[in-house]
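Geometric and topological summary
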Amino acid sequence: MLDIIQLLPDNIANQIAAGEVIQRPASAVKELLENAIDAGATQMHLIIKDAGKELIQLSDNGKGMSATDARLCFERHATSKIKSIEDLFSIRTMGFRGEALASIAAVAQVELKTKRAEDEVGTRVLIENSIVKLQEPCQCNVGTTIMVKNLFYNVPARRNFLKSNATETRQIIDEFTRVAMAFPSIAFKLSNNTTTIFHLEAGKLKQRIVGLLGNSFQSKLVPVEEPTEVVSIKGFIATPDTASKTRGNQYFFVNNRFIKSAYLNHAVSAAYKDLIDKDEFPAFVLFIDIDSHRVDINVHPTKQEIKFEDDRIVYSFVSAAVRHSLNKYSIAPSIDFTLNPEIQSLDAITKPFTPSLQEATKKDFLFQSFTEKGKAHFLEKRNDIANWKELYKIQSEFKLNTDVDEQKGIQSENNENKLPIENEQHIQKFIQIAGGYILATTLNGFLLIDQHLAHQRILYEKMQNTKTTKWPIQKCLIPITIELSPSDAVLINAIREDLLDLGFEVEPFGNQTFIIQGVPSDVKTGQEKESIDAILESLKHEQNDLKLDKREKLIRTLVTQKAILQSRKLSEMEMKSLYDKLFACENFKLSPFGKKIWIEMNAVQIAQQIQYV
Ligand code: ADP
Ligand code: MG
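This write-up is about the structure you can find in this document. Within every chain, residues take consecutive numbers counted from 1 along the sequence as written. Working convention: letters from A go to chains and numbers from 1 go to ligands, in the order in which they are written. Where local features are concerned, this predicted model is filtered to residues with pLDDT of at least 70; where side-chain atom pairs are given and counted, the filter is 80 or more; whole-chain, interface and lining totals use all residues. As a rule here, side-chain values cover all heavy atoms of the structure and leave hydrogens and water aside.

**Describing the site of ligand 1**
- Taken together, the neighbourhood of ligand 1 is formed by 19 residues, with Asn 35, Thr 79, Ser 80, Lys 81 and Gly 98 sitting nearest.
- Counting of polar contacts relies on pairs of N or O atoms within 3.5 Å, with two restrictions inside protein: one atom must be capable of donating a hydrogen and the other of accepting it, and residues adjacent in sequence are counted only when both atoms are side-chain atoms. Here an oxygen atom of ligand 1 sits 2.7 Å away from a polar atom, N or O, in the main chain of Gly 98.
- Between ligand 1 and Thr 144 there is a distance of 3.3 Å, counted from a nitrogen atom to a side-chain nitrogen or oxygen.
- The method behind every accessible area is Shrake-Rupley, applied with a 1.4 Å probe, and residues are considered shielded solely by the protein chains displayed. Look at ligand 1: alone it shows 520 Å² of surface, and the protein chains cover 92% of it.
- Strands here are runs of E lasting at least two residues and helices are runs of H or I lasting at least four, both read from the DSSP assignment and numbered beginning at the N terminus. Only α2 (25–38) and α4 (100–106) provide two or more residues apiece to the shell around ligand 1.
- Grouping the amino acids of the shell around ligand 1 by side-chain chemistry returns eight nonpolar, seven polar and four charged. Distances are taken per atom, and a residue is near a molecule or strand as soon as one of its heavy atoms is within 4 Å of it. When residues are grouped by polarity, Ala, Val, Leu, Ile, Met, Phe, Trp, Tyr, Cys and Pro land in nonpolar, Asp, Glu, Lys and Arg in charged, and all others, Gly among them, in polar.

**Looking at the sheet that holds strand β9 (residues 221–227)**
- Across the sheet, five strands lie side by side as β9-β10-β13-β11-β12; this open sheet has mixed pairing. Looking along the sheet, the strands with just one partner apiece sit at the ends: β9 and β12 (257–259). Sheet twist, expressed as the average angle between the axes of neighbouring strands with direction ignored, equals 20°.
- A pair of strands is labelled paired if DSSP reports no fewer than 2 bridges between them. Sheet topology note: the strand β11 (residues 250–254)/β12 ladder contains three bridges and is antiparallel. Residue Phe 253 lies in a different strand from β12, and its bridge partner there is Phe 258. Every axis in this analysis is a line fitted to C-alpha atoms, fitted for helices over the stretch in contact. Angles between the N-to-C directions lie between 0 and 180 degrees.

**Things to note about the packing of aromatic side chains**
- The rule is short: rings of Phe, Tyr and Trp, with Trp giving its six-membered ring, pair when the centres are within 6.5 Å, and they are stacked under 30 degrees, edge-to-face over 60, tilted in between. A full pass over the atoms with the stated rule returns 12 aromatic pairs.
- Relative to Phe 188, the ring of Phe 176 has its centre 5.7 Å away and its plane inclined at 85°; by these criteria the two rings are edge-to-face. Of the two residues, Phe 176 sits in helix α6 (residues 165–182) while Phe 188 sits in strand β7 (residues 187–192), which places them 12 residues apart along the sequence. With respect to class, Phe 176 is no different from Phe 188; both count as buried.
- Both rings, one in Tyr 263 and one in Tyr 315, keep their centres 5.0 Å apart while their planes meet at 50°; by these two values the pair is tilted. Separated by 52 residues along the polypeptide, Tyr 263 in helix α8 (residues 262–271) and Tyr 315 in helix α9 (residues 311–328) bring together distant segments of the chain. Working definition: with a 1.4 Å probe on protein chains only, accessible area under 20% of the residue-type maximum means buried, over 50% means exposed, and in between means partly exposed.

Below, the structure is given as structure tokens:
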């Protein structure tokens, strides 16, 4: 009988393996970026063409490879990163399985140029379908450039399986963002065809977040920092007003590696409870550092999962750290440290705490680190609006680098170094007076706030941020057709994109006809057409004001339309919420039209007034 088992040729074996590691252009991007980081690069430039289907090219200034390594790096299980099984447990580099380049070379045409600082000349290698076509010395800079051309050219089934260019590009940007976020001290550039999408200088994390997520985050980031001996968390959370309807801006890194964890995301959301709507997600970029023996990061290249020794404690730790920051910077004036229902229903809490369990817990590393005083879990329950001064410190710090553009069109009086309530007293009571003013009393005096102007300011800043956080759209049950005059049609076409950001979905339907597909949820059913008409009306009136761009005009129009009226009766809760949101604003003193929103009087001023009378 003949033997029937055959060894697969290398290229076929590699192709099969590649199916796991390289699923789409974005996976190749991730592997290349991580290799460059492992190589100690301080600068890298990623170029993609045709959503990475035609070209993915990464140049780095890392340590480069010798001529031999340049050939070996494409072999399966070729890695410089682990030498023994022991290394596996203390792994700190991004990759180590030695599969990525072999896999990529199995399914693409790859060109490598690399040079080490100590070498006279570099090496150039051409490889495709796992077969080395050429290896020669070449002139190049220190570092490595890898060009991956025509991914899956030899696996048509996979190539056909790729999604649209928009989707694949989005995925690449996501991978890029995750890596760039984790390494703010490395300069990154991303070019798509001939356009530069990102150009990120080396710098601090805050700067990197703004570079990646957009300028609107500039003044919205609140630091989080809770170091303990075994687990630490640091990074930034964004103020509640930046919360969005999608999970887009949630970044968790464990030991500097991006991970997806619904559980930890929930821990953060729990800390924002009552500050954001149920269907909104807070933005954050948080880094958890933990002894690598205490976690099992699933190191499979395509997974980003994690298992902690004790999930539940990490959950409380994260949640408490976030609350601590929200509280410290007066974003959540009153903090309730009761555990949330999710935690309360966990075994560890519902089951009796037996002596043997108690022993086990005491040995737990996290428990030990938690017994240090002054850490997040020790925060006492506070009801005061704490530390106005600290809040202000942050605001003014960010203010310095605020893009001028953001303030465009506001006659902004610079916030002087002064806050409404100088001492750290808290609001005693909110009373609505004189039909439209909120009297907020403190131990030391009072504030009188114009509710209409306050709401204008809040809406204005929220709308300005809709470039990154869209205003929610409510789809019309029955799309509404409108006929416009030719000039109105031109006008609406010009603002259609901005309208969409602000919750109005209006589609052209030939000539002067348009279809309203959706409106912001605060527009009542039946009022859709009126609200569009009103926008067009007031836009036309403002048209002479050439200084303002059309988006700014639109926002101003909407602000005036939507702000609560002077006559509106407010509950104590509503007043409090308005108050909190107002003072979370970048410019909490003036309305978008430059009117003073509130006045303040302290005990001394009151006494003076009375004496004068
Ligand atoms: P791994 O990263 O898991 O070791 P890879 O297939 O991604 O496996 O890379 C194989 C080896 O090639 C790496 O261990 C490293 O020695 C070398 N290498 C890859 N990319 C670079 C680079 N950009 N600069 C220097 N060396 C690199
Ligand atoms: Mg690698």
